[in-house]
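Spelled out from the first residue to the last, the chains are:
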Amino acid sequence: MVKIAENIYWTGYVDWSLRNFHGYSTPSGSTYNAYLIFDEQPTLIKTVKHYGFEEMLSRIKEVIEPSKIKYIISNHTEMDHSGSIGKMLKLCPGAQIVCSPKGQEGLKRHFKENWNFKIVNSGDTLNIGRRNLKFFLMPMVHWPDSMATYSIEDNILFPNDAFGQHYASSERFADCIGIDVVVKEATKYYANIVMPYGGQVIKALEALKDIKLDTICPSHGLIWRRKEDIEKIVSLYKKLANYESDRSVVVIYDTMWHSTQMMAQKLYELIDREGISVKLYNLQDTNISDIIAEIISAKVVMVGSPILNNKILPNMGAFLTYLKGLKPKNRYAFTFGSYGWAKIGFKELEDSLKEAGMELLAEGRYANYIPDDTELDNLKDIVIKIKNLLAS
Ligand code: FEO
């Protein structure tokens, strides 16, 4: 265990081996953070993924005999946090499960058990001895059941997925790692997990704005404890929840015989030559979750594919399906690609970007078989449009 504050301990599980979280690439692994509050009514805030149970249990036993636990707070039903509740309850059968109304529904559906639930709503408090815990429902950050728990006497917030990062480490605090690394991981996490719910994030931040935050203990990754780091992550969430972007461009493509790649490369060079921040990604080499982490910062998203059997390439189809679910707002898009004998497949490219909430910057540019020098040079028109857009 690791002491977070007086009588508050981290008792989670570090998942060093995790490399894929349902499609989200996790090259640095992750953690499932459980927290134990040792008070008159000992309280466990969340558990861990089922295979981390024994490790969590050994940490809990460093502090307390597990049978003494009186409350298990389930801030969120998803099984990376609630997956060990069943096993835990066998060791503390008298414990109550504290959760939101939707949390109760979700836990019943997952475990098919009628546990001793204590249902809480926003503003409710729970006295556990010297401490009072206050609850804030945060629907859709990340599921309808999500909520945050706040220890009033400690000024510690346990916001579950919010402010988290998929990052395994032997360190527990963000300031022990290097804040830029943690902020980058938190941005990727937000982009892939929370982005569709900007409106709900704004409501959650509004509900939390008057509470004093000395420490933020998310459910994944590092804990925020320095004042300046807490300000940084909260301010980042405000920016991302408002779908603000930087004056930058990201070029994403797939390619078959390198024609679309030639166009992507030319766009990249022309944009770069204008002094505009631009990044270039081939879908064959880059996981879509890493590309989403770039899109969240970019004002302009350029997407290119060749045509195969009247359709865009399958990699591009998967990427667009993911993008349509995440719906980055306030972005402009541009489409390009190459084709042999029919251009009809590009409509899917254009429609998908519109469905993802983006505005098409101009008509797409599509080259027959292999783009010639004139077609490549003509991409300058698009770059001028981007330059003007970003200058406005
Ligand atoms: Fe980390 Fe939505 O669970």
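Position numbers for residues count from 1 along each chain, tracking the sequence in the order it is written. The model is predicted, so local features are restricted to residues of pLDDT at least 70 and side-chain atom pairs to those at 80 or more, both for listing and for counting; the totals for chains, interfaces and linings are taken over all residues. Excluding hydrogens and water, the side-chain values take into account all heavy atoms of the structure.

Once that is clear, we can look at the overall build of the protein chain. When its secondary structure is counted, the protein chain shows 13 helices and 24 strands. Every radius of gyration here is taken over C-alpha atoms, with the globule rule written as 2.2 Å times N^0.38, N being the number of residues. On C-alpha atoms alone, the protein chain measures out to a radius of gyration of 24 Å, which is about the 21 Å that the 2.2 N^0.38 rule sets for 392 residues. Principal-axis analysis of the C-alpha atoms gives the protein chain an extent of 75 × 40 × 35 Å. Buried means the residue's accessible area, taken with a 1.4 Å probe over protein chains only, is under 20% of the maximum for its type, while exposed means over 50%, and partly exposed covers the values in between. Counting over 392 residues, the protein chain shows a buried share of 57%. Of the contacts formed within the protein chain by residues at least 6 apart in sequence, a portion of 71% connects residues at least 24 apart. A total accessible area of about 16,400 Å² is found for the protein chain, and carbon and sulfur atoms account for 49% of it. Averaging the positions of the 47 positive and the 47 negative side-chain charges in the protein chain gives two centres separated by 4 Å. Each helix is a run of DSSP H or I of at least 4 residues and each strand a run of E of at least 2, with the numbering of both proceeding from the N terminus. Any two residues whose heavy atoms approach within 4.5 Å at even a single point are treated as in contact. Every accessible area reported is derived by Shrake-Rupley at a probe size of 1.4 Å, with residue values counting cover from the shown protein chains alone. The positive count covers Lys and Arg only, the negative count covers Asp and Glu only, and His and the chain ends enter neither. For this purpose, a charge sits on NZ of Lys, CZ of Arg, CG of Asp or CD of Glu.

Further remarks concern the pattern of salt bridges. Side-chain pairs of opposite charge can arise where the charged atoms are in close proximity. Note on definitions: salt bridges are taken to be side-chain nitrogens of Lys or Arg within 4 Å of carboxyl oxygens of Asp or Glu. Considering all chains together, one arrives at 21 salt bridges under this definition. Salt-bridge contacts for Lys102 lead to Glu105; the nearest nitrogen and oxygen are separated by 3.7 Å. Highlighted residues: Lys102 and Glu105, both in helix H4 (residues 101-111), separated by three residues, approximately one helical turn. Exposure remark for Lys102: the relative accessible area of 42% places this residue in the partly exposed category. One network of salt bridges, with partners in common, ties together Asp39, Arg131 and Asp154.

This part covers empty space enclosed by the protein. Here a cavity denotes grid points, spaced 1 Å and computed from the protein atoms alone, that fit a 1.4 Å probe unable to get out, and a pocket denotes an open set having protein on both sides within 12 Å along at least 5 of 7 lines; residues with an atom within 4 Å of a point are the lining. Grid points are joined across faces, edges and corners, and a volume is the space filled by probe spheres set on the points. What the rule picks out here adds up to three cavities of 30 Å³ or more. Computed from the structure, the largest cavity encloses a volume of approximately 50 Å³. Around the largest cavity, the lining residues are Met138, Val141, Ala162, Phe163, Val201, Ala204, Leu205, Leu208 and Tyr237. For the lining of the largest cavity, the leading source of residues is helix H6 (residues 198-208), giving four residues. Here the term charged refers only to Asp, Glu, Lys and Arg, the term nonpolar to Ala, Val, Leu, Ile, Met, Phe, Trp, Tyr, Cys and Pro, and the term polar to all other amino acids, Gly among them. Grouping the amino acids of the lining of the largest cavity by side-chain chemistry returns nine nonpolar, no polar and no charged.

What follows is about the layout of surface pockets. If you add up the space inside the largest pocket, you get close to 370 Å³. Lys184, Lys279, Asp290, Ala293 and Glu294 are, among the 22 residues lining the largest pocket, the residues nearest its centre. Those elements giving two or more residues to the lining of the largest pocket turn out to be strand E5 (24-25), helix H5 (179-194), strand E17 (248-253), strand E18 (277-282) and helix H9 (288-295). Here the element with the most residues in the lining of the largest pocket is H5; it accounts for four residues. Tallied by class, the residues present in the lining of the largest pocket amount to seven nonpolar, eight polar and seven charged. Per-domain counts for the lining of the largest pocket show at least three residues from each of domain 1 (2-241) and domain 2 (249-391). Each domain's extent was defined by an automatic or database domain assignment.

All right, on to the domain arrangement of the protein chain then. One can read the domain layout of the protein chain as domain 1 (2-241) and domain 2 (249-391). Across the boundary between the two partners, domain 1 contributes eleven residues, which contact ten residues of domain 2. Between domain 1 and domain 2, a total of about 980 Å² is buried, with carbon and sulfur atoms accounting for 61% of that surface. The largest per-residue losses of area from domain 1 upon contact with domain 2 belong to Asn192, Met195 and Pro196, which jointly make up 48% of the total buried on that side. Between domain 1 and domain 2 we count one salt bridge in total. Here Asp290 and Lys188 are joined by a salt bridge, their closest N and O atoms 2.7 Å apart. Definition of a polar contact: a pair of N or O atoms within 3.5 Å, with one able to donate and the other able to accept a hydrogen when the atoms are protein atoms, and with sequence-neighbouring residues admitted only if both atoms are side-chain atoms. Across the contact surface, domain 1 and domain 2 share five residue pairs in polar contact (both at pLDDT 80 or more). If you list the elements that add at least two residues to the side of domain 1 that touches domain 2, you get E5 and H5. Sorting elements by how many residues they give to the side of domain 1 that touches domain 2 places H5 first, with five residues. Its residues assigned to classes, the side of domain 1 that touches domain 2 shows six nonpolar, four polar and one charged. When two parts are put together, the accessible area they lose, computed with a 1.4 Å probe and summed over both, is reported as buried area.

Ordered by their spatial adjacency, seven strands build an open sheet running E1-E2-E7-E8-E9-E10-E11, and the pairing between neighbours is mixed. Unpaired on one side and paired on the other, strand E1 (2-5) and strand E11 (117-119) mark the two borders of the sheet. The sheet shows a mean angle of 25° between the axes of neighbouring strands, direction not considered. Only strands that DSSP links by at least two bridges are regarded as paired with each other. With three bridges connecting them, E1 and strand E2 (residues 8-10) associate as antiparallel partners. In the sheet register, Val2 faces E2, and the bridge partner there is Trp10. Only C-alpha atoms enter the line fits that serve as axes; for helices the fit covers just the stretch in contact. Angles between N-to-C directions range over 0 to 180 degrees.

Read across the sheet, five strands follow the order E12-E13-E14-E15-E16 without closing on themselves; strand pairing throughout is mixed. The open sheet has two free edges, formed respectively by strand E12 (125-127) and strand E16 (215-218), since each of these has just one partner strand. Pairwise comparison of adjacent strand axes, ignoring direction, gives a mean angle of 20° for this sheet. One ladder, built from three bridges, connects strand E15 (residues 156-160) with E16; its direction is parallel. The residue bridging Leu157 from the neighbouring strand is Ile216, located in E16.

For the pair H9 and helix H10 (residues 314-326), interaxial distance at closest approach is 11 Å and the crossing angle is 45°. For the element pair H9 / H10, the angle class is oblique. Two packed elements cross with a definite hand, and for H9 against H10 that hand is right-handed. Counting all contacts with H9, which are made through Ile288, Ser289, Ile291, Ile292 and Ile295, the residues of H10 involved are Ala318, Phe319, Tyr322, Leu323 and Leu326. Taken together, the residues that form the contact of H9 with H10 break down as nine nonpolar, one polar and no charged. By the definition adopted for this analysis, an angle is roughly parallel if under 35 degrees, roughly antiparallel if over 145, roughly perpendicular if from 65 to 115, and oblique otherwise. In this scheme, a crossing is called left-handed if the near helix is turned counterclockwise away from the far one by less than a right angle; it is called right-handed if the turn is clockwise.

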